[in-house]
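Each chain, letter by letter, is given below.
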Amino acid sequence: MAQVNSDALVFYGATGDLAFKKIFPALFLMIKRGHLHVPIIGVARGDYDLEKLRLRAKESIQRYGNFEEETFARFLELLAFVGGDYTDPQTFLRVREALGAAKHPTHYLAIPPILFPSIIAQLEQSGCAKGARVIVEKPFGTDYSSASDLNKLLLSKFSESSVYRIDHYLGKRPVNNLVFFRFVNSLLEPVWNKKHVESMQITMAEDFGIQSRGAFYDVTGTIRDVIQNHLFQILCNLTMEPPQTLDSESIRDEKVKVLKAITPLRAQDVVRGQYKGYLQEKAVSEGSKTETFAAIRLHINSPRWDGVPFFIRAGKHLPVTCTEILVRFKHLPSAYSSIASKPNHIRFRISPDVTVAFGMLIMAPEEDMASVLSEVQGNPTPFPKEKDAYERVLTDAMAGDPTHFARQDYVEEAWKLVDDYLHSDSPVFAYDPGTWGPEEVNELICPPGGWNNPTLQKK
Ligand code: BG6
C-alpha cells in the first residue's frame, strides 16, 4: 500500500509518555505546515475522555512544541478519543466506528510491544486492518528471536509495505545528509574506501543518566538501546554502496548489504561500562550488570571496506551530549610523510549542532617544515522551519514513504550482529560520571590515533 496518503491516524498509547513528549508536538507541527488534515484518534486505557485528552495535548504542545491558538483549534477539530482495554473487542469496534469512511487508516502502536499480539489480532477481527498501515515503535524486539517473532506476527496480518518500524534517527536530517553528502560530492567517492580511509569512529555521548527510565533501561542497556538501531543506521549511511535508483527499496537494500557483510560482535571487540551510582537508580535490579556505556569495534567484509576498523561508542553520564563521526584518512607515502603530523579527517557532527569539517594539514606558523591540523568547516545554516525527527517520520508514514523506516530484513540482520554477544556473559567496568567511560576502553577498543572526544563551545 505504498505511496497512498492515509486518511486517518489512530494512535494507541495516547496518554503515555511518548505521546506527551513527542507525538502531540509532532502532530501539531504537521497540522501547522498543512501536512495533516485527517481525523486523529487517540486510544488509551483507563479513566480518560476526550476533554482530558485535549487538556493533555495542550499541555504537551505548550511544554514541548511551539503552541499557538489557531493551529491548536484545528488540532482539536481533528482529535477524537476512544477509550478501552486493548484486549476487549468492543474497543476496536469503537475505533472502527470512529474511523467512519476512512479507507486507509494508519495505526500507530505507541505502546509496549507486549501488547502488540492482542492489538494486531483485534485490528484484524474488527476490520480496522483493512487497507491500513501500521507504525511500530522502537524497541523492535530485544534480540534476534523476539524481533523475528514480532515480524512474523505483523506480517501475518499486514504486508511488509504496510509496516513502518520507527527509528527516529532516520528522521534526523544530518543523519540523512551523510548519504546525500557522500553521493552528491564527486570529491569523496575516490577516497571513500579501504585504500584511503584509515578508520571511522562514531560517538554518541549523553551527559545525563538513565533519568526515570530504570525499569526499561535495566533490561535494555546501551547496545540494545542505541547501538543496534540508531548507530548501526549511521554506520550504514557512512558505508553503503550507492543505490541504483533513489526508490526506498534500492536504498534499503544497500543498507542490508552492509549489515550482512559485518562480522558479528565478538567478546574481544567490546568494552562495556556502567556509571558509578547506576545501581542506586530507581527500578534497577540489585547487582545489575547492564551497561550504560559500550565501545565496539567492527569490520565490514566488503571489497570497499575490507581491513578498515569501525568504532562505535555510546554512553550515559559522559562529559557532553553530542553525536559525532570522525573519518580518518591514511597518509600516502611521499617525501612529505615525515612532516605530516596528523591524518586528514572528515568530521560530521549530528547534534547538538550540525557541522561538516575537513581536517587538513597546513604549514605551521613560522616553520617551513612542520605541519598543523586545521579544520575547514561548513556549518549548514540553521533552517528555521526544520522538522523534528518525529514530525518527519510521521509525515513520511502518512504519505506512504518507507525510505526512512527499518525494513524486516534490516532489523533482523542488525540483531544477528549483536545477538550472540548479548546472550553471553561479559564483564562490565565501572566509570565515573562525567568521564569518557571506563579506562579499559583506551587499552582494548581504541581507534588508531585515539578516540575523538567532542567538545562543545560554551554559549
Ligand atoms: C532513544 C533512547 O532511542 O534515543 C534514549 O532510548 C536516547 O536512551 C535517545 O537518549 C537519544 O535520542 P536523541 O534524538 O536525543 O539523540
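Residues numbered from 1 in each chain as written. Predicted model: local features only at pLDDT ≥ 70, side-chain atom pairs only at ≥ 80, totals over all residues. Heavy atoms only, no water.

Tell me what's going on with the environment of Asp149, and back it up with residues and numbers.
Among the secondary structure elements, Asp149 is positioned in helix α6 (residues 144-157). Each C-alpha atom, one on Asp149 and one on Leu259, is 20 Å from the other, the two residues being 110 residues apart in sequence. (Helix = DSSP H or I, 4+ residues; strand = E, 2+ residues; numbered from the N terminus.)

So what's going on with the pattern of salt bridges? Residues and values would help.
Here the structure, examined in full by the defined rule, presents 27 salt bridges. Among the ionic pairs, Arg266 bridges to Asp269, the shortest N-O distance being 2.8 Å. Linking Asp353 and Arg349 is a salt bridge whose minimum nitrogen-to-oxygen distance equals 3.2 Å. Accessibility expressed as a relative area gives 7% for Arg349, which makes it buried. One continuous salt-bridge network, built from bridges that share partners, spans Glu249, Arg252, Asp253, Arg407 and Asp409. (Salt bridge = Lys/Arg side-chain N within 4 Å of Asp/Glu carboxyl O. Buried < 20%, exposed > 50% of the residue type's maximum accessible area, 1.4 Å probe, protein only.)

Got a sec to walk through the environment of Trp436? Specific residues and values, please.
Take Trp436: it is sitting in the loop between β15 (428-431) and α13 (440-444). For the pair formed by Trp436 and Lys316, sequence separation is 120 residues and the distance between their alpha carbons is 9.5 Å.

Go over the site of the ligand, please, and point to the residues and values.
Contacts to the ligand come from Lys138, His168, Tyr169, Lys172, Met204, Glu206, Arg213, Asp225, His230 and Lys316. Take Tyr169: an N or O atom from its side chain is 2.5 Å from an oxygen atom of the ligand. Note that an oxygen atom of the ligand is positioned 2.5 Å from one of the side-chain N or O atoms of Glu206. In isolation the ligand has 400 Å² of accessible area, and contact with the protein removes 75% of it. Here the shell around the ligand is composed, by residue class, of two nonpolar, two polar and six charged. (Near = heavy atom within 4 Å. Polar contact = N/O pair within 3.5 Å; in protein donor to acceptor, adjacent residues only side chain to side chain. Areas by Shrake-Rupley, 256 points an atom, 1.4 Å probe, with all protein chains shown as cover. Nonpolar A, V, L, I, M, F, W, Y, C, P; charged D, E, K, R; others polar.)

Please set out the pairing of strand β12 (residues 345-351) residue by residue, giving values where relevant.
Burial of β12 is extensive: six of the seven residues sit out of reach of the surface. Of the pairings in the sheet, the one linking strand β11 (residues 322-329) to β12 comprises six bridges and is antiparallel in character. Looking at β12, one finds that Arg328 is bridged to His345. Pairing of β12 with strand β13 (residues 355-363) involves five bridges; the strand directions are antiparallel. Residue pairing across strands places His345 opposite Gly359, the latter belonging to β13. (Pairing = 2+ DSSP bridges.)

Please set out the sheet that holds strand β7 (residues 197-205) residue by residue, giving values where relevant.
If you trace the nine strands from one edge of the open sheet to the other, you get β14-β13-β12-β11-β7-β10-β9-β8-β15, paired in mixed fashion. Lying at the two open borders of the sheet, with one neighbouring strand each, are β14 (371-378) and β15. This sheet shows a mean twist of 20° between the axes of neighbouring strands, independent of strand direction. Where β13 and β14 come together, eight bridges link them in antiparallel fashion. Note on β14: the bridge partner recorded for Phe358 is Val376. The strands touched by helix α7 (residues 173-184) are β11, β12 and β13; relative to β12, the strand with the most contacts, the crossing angle is about 150°. Against the sheet, helix α9 (residues 221-239) makes contact with β7, β8 (270-275), β9 (293-299), β10 (309-315), β11 and β12, and its axis sits at roughly 140° relative to β10, the strand it touches most. (Axes fitted to C-alpha atoms, helices over the stretch in contact; angles between N-to-C directions. Contact = heavy atoms within 4.5 Å.)

Lay out helix α11 (residues 389-399) in plain terms, naming residues and giving numbers.
Most of α11 is tucked away: 10 of the 11 residues are buried. Listing the buried residues of α11 in full gives Ala389, Tyr390, Glu391, Arg392, Val393, Leu394, Thr395, Asp396, Ala397 and Met398. Of the surrounding elements, those touching the buried residues of α11 are β1 (8-12), α1 (17-32), β4 (105-109), β5 (133-136), β6 (163-165) and α7. Capping the start of α11, Asp388 holds a side-chain oxygen 2.9 Å from the backbone nitrogen of Tyr390, two or three residues further along. Backbone geometry just downstream of α11 places Gly400 in the positive-phi region, at approximately 80°.

Before we move on, can you summarise the packing of aromatic side chains with the specific residues and values?
For the structure shown, the criterion picks out 18 aromatic pairs. With centroids separated by 5.9 Å and ring planes inclined at 85°, the aromatic side chains of Phe20 and Tyr64 adopt a geometry described as edge-to-face. Of the two residues, Phe20 is situated in helix α1 and Tyr64 in helix α2 (residues 50-64); the sequence distance between them amounts to 44 residues. Owing to a relative accessible area of 7%, Phe20 belongs among the buried residues under this scheme. Overall, the relative accessible area of 39% leaves Tyr64 in the partly exposed class. With 5.5 Å between their ring centres and 85° between their planes, Trp305 and Phe310 make a pair best called edge-to-face. Across the pair, Phe310 and Trp305 agree in class, each one buried. Taken together through their ring pairs, the aromatic side chains of Phe11, Phe24, Phe28, Phe67, Phe72 and Phe75 make up a single cluster. Sitting over the face of the ring of Tyr48, Lys52 holds its NZ or CZ atom 5.9 Å from the ring centroid. The ring of Tyr169 has Lys172 lying over it, and the distance from NZ or CZ to the ring centre is 4.5 Å. (Phe/Tyr/Trp six-rings, centres within 6.5 Å; stacked < 30°, edge-to-face > 60°. Lys NZ or Arg CZ within 6 Å of the ring centre and 35° of its normal.)

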